[in-house]
Amino acid sequence: MSYRVTGDAARKARERYELKQAAAEFYRKRNVPERLEEALNSTFCLGPEDVYGHLANYFAQFSMPPTICQIRGRKVLDGSGEPTVEVEVSCTVKNSDKRICSSVISAVSEHPKASEGLEQERNHSADTAIQWLTDLSPLLKGMSPNEQHNIDQLLSDFYQPKIEEEKARRQMEREASPMAIEPVPSPVTSPALVKKKGSGKGKKAVVMEKPIPPEEAPEPVVPGSPAIGALSLAVAKASSVLGKTPLYLHIAALRNEKLPSEFIMPTPMISVLSCGKSSPGKLNLMKEVLVIPPTGLTVQQSLDMALMLQNQIVKQINSISKTGPAIKNVTPLGCMLIGGDRIEQPLDLICEACQHVGLELGRNLYLAINCAAHELMDYNKAKYEALSGTFKSPDEMVDLYVDLINRQPAILALLDPLRKEDAAQWESLTKALGSKCFLFADAASKPVCKLLESADIHNPPCSGTVIKHTNETTVSQLLGSFKLIEGENRVTILGCPCEESVDDSIADLAVGLGARFVKLGGLLRGERSSKYNRLLAIEDELTQAGTLGFWTKHEFPILSDVENLPGPEEVE
């Protein structure tokens with residue numbers, strides 16, 4: 001019996017010894033004894049009041065970097081009450097799984113003007129996006145949020161087969177339902193004979209109108225695609241949160257080899273009026289009338305000026321309105337919807353308001369017009385319906401814009417003055433007005449992924465392109481598109497779509513990417529004003545840090561690829 005006890009004691013002693021040796025080796029390989037000695041010595045020398053807090057901070061620097069442990073999606077509502085998807089990123093931080101951040105981006109539909117079935121389509125897209133995020137979660141598990149480009153490449157590789165699946169599905173539907181009504185390219189109309197006044201008195205010349213190019217088929221929108229863009233943004237936000245760095249500085253670090261010593265805030269293009277196709281009057285041409293501050297103003301000064309002008313416009317409209325306060329007629333773009341019967345009417349309203357508040361157009365502020373020409377084309381007549389019942393050919397639209405800018409030189413920019421298919425008229429317009437105002441392509445530009453594939457920003461020829469972070473667009477693609485546009489001496493604009501989400505990250509993206517302009521909509525909707533508020537917060541941080549810079553002037557790019565083209569064709 002005594003022998004058995006002695007044997008058990010020896011075995012336990014040996015096990016304790018082996019355990020101590022294993023523990024010593026475990027800690028020795030990780031330099032714990034040295035670190036512990038350093039920590040205790042520094043703590044004693046400093047004598048902090050919170051000893052354990054000091055030790056925790058000391059050892060935190062030696063902890064393993066955070067890694068992604070879970071991706072989760074859930075259905076939420078955007079600023080217009082439409083379903084979209086929110087992406088949550090959780091990471092393992094110091095052996096604990098924590099929810100780090102979430103992001104929401106805008107989901108742009110393939111046929112935004114078609115209301116029938118749109119809610120069902122968006123619900124289906126959100127549900128699909130949530131399933132995609134569930135599938136992506138194990139693929140990203142263990143990766144660091146700092147691996148932005150690697151993660152974005154993984155997302156692109158995951159998304160590519162989805163595009164092929166969607167194309168195959170649509171092809172099967174076409175083959176199964178050959179008689180179904182499908183979107184087809186717009187017909188090329190036959191040339192029409194038009195009489196125009198000649199140079200001789202009482203003489204008229206008969207000219208042959210050119211047929212318009214047919215409408216290009218829209219890029220297919222894959223259900224679930226917002227999961228890709230939202231997840232890419234969420235990863236960038238997670239990296240900035242874990243690094244205790246504002247998102248705009250994190251984006252700037254991704255864009256540049258080293259952070260710039262000065263940040264210039266993007267100039268806001270602020271929507272104040274809408275007179276597009278949905279307005280009650282005859283005027284269709286001006287989907288948005290925007291104000292642009294002069295250079296040298298802070299964002300705060302710019303917003304104060306725009307708000308003062310907007311309040312004055314509301315007073316003027318209310319004084320003559322018979323349908324109630326104008327402030328009730330607010331579009332999803334965050335600006336007032338008004339009717340007009342003349343092209344100059346909204347501009348005259350703004351001019352009058354400027355006089356009342358002591359602002360001078362062309363000096364204290366400038367104007368921009370979002371023409372949204374793709375919404376004005378009547379393909380049966382092959383003409384733009386600038387005013388209800390008033391139709392103009394693409395060449396006549398060029399003449400209209402030239403005349404409008406000559407009469408109102410305070411107009412600094414035209415957005416989508418023509419369809420992207422009207423390349424010849426874009427060239428004529430650029431030659432005629434490119435040195436007087438910016439000509440920006442918004443809906444007339446390619447989606448970001450197609451822009452990067454083709455590396456061609458000259459179709460249509462324009463001063464710059466409005467880039468939007470929607471659907472499958474990743475942060476890496478945003479960085480690439482800005483590099484491409486700036487490399488071609490064009491102006492960069494980061495913009496919001498019509499139906500915007502409540503996430504304010506676009507303000508950080510605009511500053512971090514170095515956008516020349518930012519187009520966020522008006523000041524009359526919460527999802528819009530929250531983004532302006534974020535711009536103000538960033539501006540305050542830069543001011544406190546002494547790194548806030550300013551643009552010196554509004555400079556129009558020299559478009560060498562169109563400078564030798566002929567101007568608008570004149571017909572006698």
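Scoring rules and cut-offs
- Residue positions are given per chain, counting from 1 as you read along its sequence in written order.
- For this predicted model, a pLDDT threshold of at least 70 governs which residues receive local features, and a threshold of 80 or more governs which side-chain atom pairs are given and counted, while totals over whole chains, interfaces and linings are taken from all residues.
- The basis for every side-chain value is the complete set of non-hydrogen atoms in the structure, without hydrogens or water.
- Ring geometry is summarised as follows: Phe, Tyr and Trp rings, the Trp one being its six-membered ring, pair when their centres sit within 6.5 Å, and such pairs are stacked at plane angles under 30 degrees, edge-to-face over 60 and tilted between the two.
- The way it works is that DSSP assigns letters per residue, a run of H or I at least four long becomes a helix, a run of E at least two long becomes a strand, and they are numbered from the N terminus.
- Exposure is judged per residue with a 1.4 Å probe applied to protein chains only, and the accessible area is read against the type maximum: over 50% gives exposed, under 20% gives buried, and values in between give partly exposed.
- Cation placement over rings: the criterion is NZ of Lys or CZ of Arg within 6 Å of the ring centroid and within 35° of the ring normal.
- One number per residue, pLDDT, summarises how confident the predictor is, and it ranges from 0 to 100.
- Note on contacts: a residue pair qualifies if any of its non-hydrogen atoms lie within 4.5 Å across the two residues.
- One requirement defines pairing of two strands: DSSP has to find at least two bridges between them.
- What counts as an axis is a line fitted to C-alpha atoms, over the stretch in contact for a helix, and the angles between N-to-C directions run from 0 to 180 degrees.
- Any helix carries an expected span of 1.5 Å times its number of residues minus one.
- Read the arc as the range of directions from the helix axis to the C-beta atoms.
- For the purposes of this section, nonpolar cores are sets of buried Ala, Val, Leu, Ile, Met, Phe, Trp, Tyr and Cys residues that join through side-chain atoms within 4.5 Å.
- Angle categories are assigned with fixed cut-offs, so that under 35 degrees is roughly parallel, over 145 is roughly antiparallel, 65 to 115 is roughly perpendicular, and the rest are oblique.
- For any helix crossing, the convention is left-handed if the near helix is rotated counterclockwise from the far helix by under a right angle, and right-handed if that rotation is clockwise.
- Under this grouping Gly is polar, as are all residues other than the nonpolar Ala, Val, Leu, Ile, Met, Phe, Trp, Tyr, Cys and Pro and the charged Asp, Glu, Lys and Arg.

A full pass over the atoms with the stated rule returns 10 aromatic pairs. Residues Phe438 and Phe517 carry aromatic rings whose centres are separated by 5.5 Å and whose planes lie at 75° to one another, so their mutual orientation is edge-to-face. In this pair, Phe438 is assigned in strand S15 (residues 438–441) and Phe517 in strand S18 (residues 517–521), connecting sequence segments 79 residues apart. Look at Phe517 and you get buried, because its relative accessible area is 0%. Clustering of aromatic rings is evident, with ring pairs tying together Phe438, Phe440, Phe517 and Phe556. In this arrangement the basic side chain of Lys381 is found over the ring face of Phe391, its NZ or CZ atom lying 4.8 Å from the centre. Between the NZ or CZ atom of Arg516 and the centre of the ring of Trp551, over which it lies, the distance is 4.3 Å.

With that out of the way, let us pick up helix H14 (residues 505–513). Where burial is concerned, most of H14 is hidden: nine out of the nine residues are buried. Where H14 is concerned, the buried positions are Ser505, Ile506, Ala507, Asp508, Leu509, Ala510, Val511, Gly512 and Leu513. Downstream of H14 by one or two residues, Gly514 has phi in the positive range, about 80°.

On average, residues of the protein carry a pLDDT of 87, and 88% of them reach 70 or more. The low-confidence segment residues 180–184, where pLDDT is below 50, has three contacts with residues more than four positions distant or belonging to other chains. Considering only residues more than four positions removed or in separate chains, one finds that residues 564–572, a stretch of pLDDT under 50, has 19 contacts.

Looking now at the sheet that holds strand S1 (residues 67–77). The antiparallel open sheet is built from three strands, whose spatial order is S1-S2-S3. Looking at the sheet topology across the chains shown, the edges are occupied by S1 and strand S3 (96–104). Adjacent strand axes in the sheet meet at a mean angle of 25°, parallel and antiparallel pairs treated alike. Pairing of strand S2 (residues 83–93) with S3, which is carried by eight bridges, proceeds in the antiparallel orientation. Directly across from Val87, in S3, lies its bridge partner Ser103. Sitting on the sheet, helix H6 (residues 226–242) is in contact with S1, S2 and S3, with an inclination near 35° to S2.

So, on to unusual backbone geometry. Note that the residue after Asn459, namely Pro460, is joined by a cis bond; omega there is 5°. Inspection of the secondary structure puts Pro460 in the loop between helix H12 (448–454) and strand S16 (464–468). Here Asn31, not a glycine, exhibits a phi torsion of approximately 60°, which is positive. Tracing the sequence through the fold places Asn31 in the loop between helix H1 (2–29) and helix H2 (32–46). In this structure, Ala455 takes a positive phi of about 55° despite not being glycine. Counting through the fold element by element, Ala455 comes out in the loop between H12 and S16.

For the rest of this paragraph, the subject is helix H9 (residues 345–357). An ideal rise of 1.5 Å per residue puts 18 Å on 13 residues; H9 measures up with 19 Å between its terminal C-alpha atoms. When we look at burial in H9, the residues that qualify are Pro346, Leu347, Leu349, Ile350, Ala353 and Cys354. Viewed along the axis of H9, the buried residues span an arc of 155°, placing them on a single side of the element. Across from the buried face of H9, at angles greater than 90 degrees, the exposed residues are Gln355 and His356. Downstream of H9 by one or two residues, Gly358 has phi in the positive range, about 80°.

Buried together is how nonpolar side chains tend to be arranged in soluble globular proteins. By size, the foremost hydrophobic cluster in this structure holds 124 residues, and its most contacted members are Leu231 and Leu285. The element best represented in this core is H6, accounting for nine residues. Not counting residues up to four positions away in its chain, the partners in contact with Leu231 are Ile71, Val87, Val89, Leu133, Leu136, Leu140 and Leu155. Ala368, Phe440, Val491 and Ile493 belong to the second-largest nonpolar core, a separate cluster that totals 14 residues.

Here we come to the packing of helix H4 (residues 118–140) against H6. Packed helices, taken two at a time, are described by the angle their axes make and the gap between the axes. One can describe the packing of H4 onto H6 by two numbers: an axis separation of 8 Å at closest approach and a directional angle of 50°. Between H4 and H6, the interaxial angle falls into the category oblique. The chirality of how H4 crosses H6 is right-handed. Here Ser125, Ala129, Trp132, Leu133, Leu136 and Leu140 of H4 lie close against H6, whose contacting residues are Pro226, Ala227, Ile228 and Leu231. Taken together, the residues of the contact of H4 with H6 break down into nine nonpolar, one polar and no charged.

One open sheet holds the three strands; their spatial order is S11-S12-S13, and the pairing between them is antiparallel. Two strands in the sheet have a free side with no partner beyond their single neighbour: strand S11 (377–378) and strand S13 (390–392). By the bridge criterion, two bridges tie S11 to strand S12 (residues 383–387) in an arrangement that is antiparallel. The partner of Asp378 across the bridge, within S12, is Lys383. Strands in contact with helix H10 (residues 394–407) are S12 and S13; relative to S13, the strand with the most contacts, it is inclined by about 100°.

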